[in-house]
Amino acid sequence: MVKLLTSYKKVWQICTFSSNFIGTPLLPSRSSPSHQNAYKIRHKTSGAGDRALQERQKQHMARGLPKQKPIAGVKEVIVVASGKGGVGKSTTAVNLALGLMANEQSKSVGLLDADVFGPSVPKLMNLKGNPELTEKNLMRPLVNFGIPCMSIGFLVEDVAPIVWRGLMVMSAIEKLIRQVDWGNLDYLVIDMPPGTGDVQLSITQNIPIAGAVIVSTPQDIALMDARRGAEMFRKVNVPVLGLVQNMSVFQCPKCNHQTHIFGSDGAKELAQTLGVELLVSLLVSGDIPLHLNIRETSDRGQPVVVSYPDSPEAEAYRRIAAAVVRRLAEHLK
């Protein structure tokens, strides 16, 4: 106790000395007029005062944000995101891009892999090599299945780890967005990294996003992070077009018995909580199935939408694409 009192006295002496030195009290007395005024002000800033204060804070913060600049030649940007990795986000992004083009073959669709630390698009789209440069020193996307693609995976070796700090990652993202000759695209699908970090914030603040698609598996652990992702997009004024519940139904190839490995209605309940749409309704529970077809075609770089276009799995992705287009049209009204 004696030691504590001694320490407190030393702190008080330091604060008193500092106050005398700078001419401003650091620890105002509770009985002083300044403290009483501050107390009154705090209690007056309620109701309309609180709202006015919050509005001023928003305006002040907005001054420091970068101005959104559209990507040259791109009409609408759709981001595919997830709260955590391993839920099938990249597979969904690839098949969504292919589904958009399959539904409307007159539309041009591009695919950007923004997952700098774990690029999957080169493998999923069966693409290798370095992008060529145009006369304007812009990178030409690599193309397969009619989809122009760009990824950091085209610029590094297959097994090379990306050990970069935040500023380097931001610089790479800026180059992948701005220093690419995308041509004229109706839709650019961006495969976002998992989570709610610097990359997500940088992309949403620097380019206008038409809408976000959230991918999750139906177990509680994944849904908690999916909700964080959805709330992040709402905070930065990006419309959440809907949720995709992935990998919940396994159908036995021998007896056709269906098993909900990770649960059944988790994403549906989350969609209702958030007031958004579950973008696909397949089989009995609104899921994209955990199907061998999807895994094998993805590993071969032959996505199921193009390799088995008549399969129920491909149809599910095309329905997602149709729902996304419909939701975009609703948000434009």
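A. The arrangement of the overall build of the chain in detail. Of the regular secondary structure elements, the chain holds 12 helices and nine strands. Taken over 333 residues, the chain has a buried fraction of 43%. Once local pairs closer than 6 in sequence are excluded, the contacts in the chain between residues at least 24 apart make up 73%.

B. A look at the environment of His-331. With respect to the helices and strands, His-331 occurs in helix H12 (residues 312-332). Classification of His-331 as partly exposed rests on a relative accessible area of 39%. The spacing of His-331 and Pro-239 is 92 residues in sequence and 7.9 Å in space, taken between C-alpha atoms. Apart from residues lying up to four places away in sequence, His-331 is in contact with Pro-239 and Leu-241.

C. Molecular detail of the packing of helix H4 (residues 89-103) against H12. Two numbers describe how H4 lies on H12: the axes approach to 8 Å, and their chain directions differ by 75°. The pairing of H4 with H12 is recorded here as roughly perpendicular in orientation. On H12, the residues that touch Thr-91, Thr-92, Asn-95, Leu-96, Gly-99, Leu-100, Ala-102 and Asn-103 of H4 are Tyr-317, Arg-318, Ile-320, Ala-321, Ala-322, Val-324 and Val-325. Along the lines of polarity and charge, the residues of the contact of H4 with H12 split into nine nonpolar, five polar and one charged.

D. Seen up close, H4. Helix length check: H4 (15 residues) gives 20 Å between terminal C-alpha atoms against 21 Å at 1.5 Å per residue, within 8%. Of all 15 residues making up H4, 13 are buried, and the element is well covered by its neighbours.

E. Spatial organisation of the pairing of strand S5 (residues 185-191). A large share of S5 lies buried, amounting to seven of its seven residues. In this sheet, S5 lies alongside strand S1 (residues 74-81) in parallel orientation, the contact comprising six bridges. When the bridges of S5 are listed, Val-79 appears paired with Ile-190. Two elements, strand S2 (residues 109-113) and S5, share five bridges in a ladder whose sense is parallel. Bridge pairing links Asp-113 to Asp-191 in S5.

F. Broad picture of the nonpolar core. Of all hydrophobic cores here, the largest spans 72 residues; its most connected members are Ile-190, Ile-203 and Phe-233. Here this core takes seven residues from H4, the largest share from any one element. Once residues lying within four places of it in the same chain are set aside, the contact partners of Ile-203 are Ala-114, Ile-173, Ile-177, Ile-190, Met-192 and Ile-209.

G. Broad picture of unusual backbone geometry. Positive phi is not limited to glycine here, since Asn-137 has a value of about 65°. Note on placement: Asn-137 falls in the loop between helix H5 (121-124) and strand S3 (142-144). Even without a glycine there, the phi angle at Asn-237 is positive, about 60°. One can find Asn-237 in the loop between helix H8 (220-235) and strand S7 (240-245). Since its relative accessible area comes to 70%, Asn-237 is described here as exposed.

H. Quick look at the sheet that holds S5. Reading across from one edge, S3-S4-S2-S5-S1-S6-S7 is the order of the seven strands in this open sheet, with mixed pairing throughout. Taken across any chain shown, the strands that pair with only one partner, and hence form the sheet edges, are S3 and S7. Sheet twist, expressed as the average angle between the axes of neighbouring strands with direction ignored, equals 25°. Packing against the sheet, H4 makes contact with S1, S2, strand S4 (147-151), S5 and strand S6 (211-216), and its axis sits at approximately 170° to S5.

I. Spatial organisation of the side chain of Glu-76. Along the chain, Glu-76 turns up in strand S1. For Glu-76, which is buried and forms no salt bridge, the nearest opposite charge comes from Lys-107, at a distance of 7.2 Å.

J. Structural context of the pattern of salt bridges. Per the stated rule, a full pass over the model turns up nine salt bridges. For Asp-186, the salt bridge goes to Lys-75, with nearest N and O atoms at 3.3 Å. Here the residue Asp-186 occupies a position in strand S5, and Lys-75 occupies one in strand S1, the gap between them amounting to 111 residues. The buried category is assigned to Asp-186, whose relative accessible area is 12%. What makes Lys-75 exposed here is its relative accessible area of 67%. The shortest N-O distance in the salt bridge between Arg-319 and Glu-315 comes to 3.7 Å. Taken together, the residues Arg-319 and Glu-315, both in helix H12 and four residues apart, mark about one turn of the helix. A network of salt bridges, in which partner residues are shared, links Glu-315, Arg-318 and Arg-319.

K. Quick look at the pairing of S6. The buried fraction of S6 amounts to six of the six residues, a majority that puts the element mostly inside the structure. Neither face of S6 is left uncovered, since the one carrying Gly-211, Val-213 and Val-215 and the one carrying Ala-212, Ile-214 and Ser-216 both have all their residues buried. By the bridge criterion, four bridges tie S1 to S6 in an arrangement that is parallel. The partner of Val-79 across the bridge, within S6, is Ala-212. As judged from the five bridges shared by S6 and S7, these two strands associate in the parallel manner. Its bridge partner lying in S7, Ile-214 is registered against Leu-243.

Cut-offs used in this document
- Residues numbered from 1 in each chain as written.
- Predicted model: local features only at pLDDT ≥ 70, side-chain atom pairs only at ≥ 80, totals over all residues.
- Heavy atoms only, no water.
- Helix = DSSP H or I, 4+ residues; strand = E, 2+ residues; numbered from the N terminus.
- Buried < 20%, exposed > 50% of the residue type's maximum accessible area, 1.4 Å probe, protein only.
- Contact = heavy atoms within 4.5 Å.
- Axes fitted to C-alpha atoms, helices over the stretch in contact; angles between N-to-C directions.
- Parallel < 35°, antiparallel > 145°, perpendicular 65-115°, else oblique.
- Nonpolar A, V, L, I, M, F, W, Y, C, P; charged D, E, K, R; others polar.
- Expected span 1.5 Å × (residues − 1).
- Pairing = 2+ DSSP bridges.
- Core = buried A, V, L, I, M, F, W, Y, C linked by side-chain atoms within 4.5 Å.
- Lys, Arg positive; Asp, Glu negative; His and termini not counted.
- Salt bridge = Lys/Arg side-chain N within 4 Å of Asp/Glu carboxyl O.

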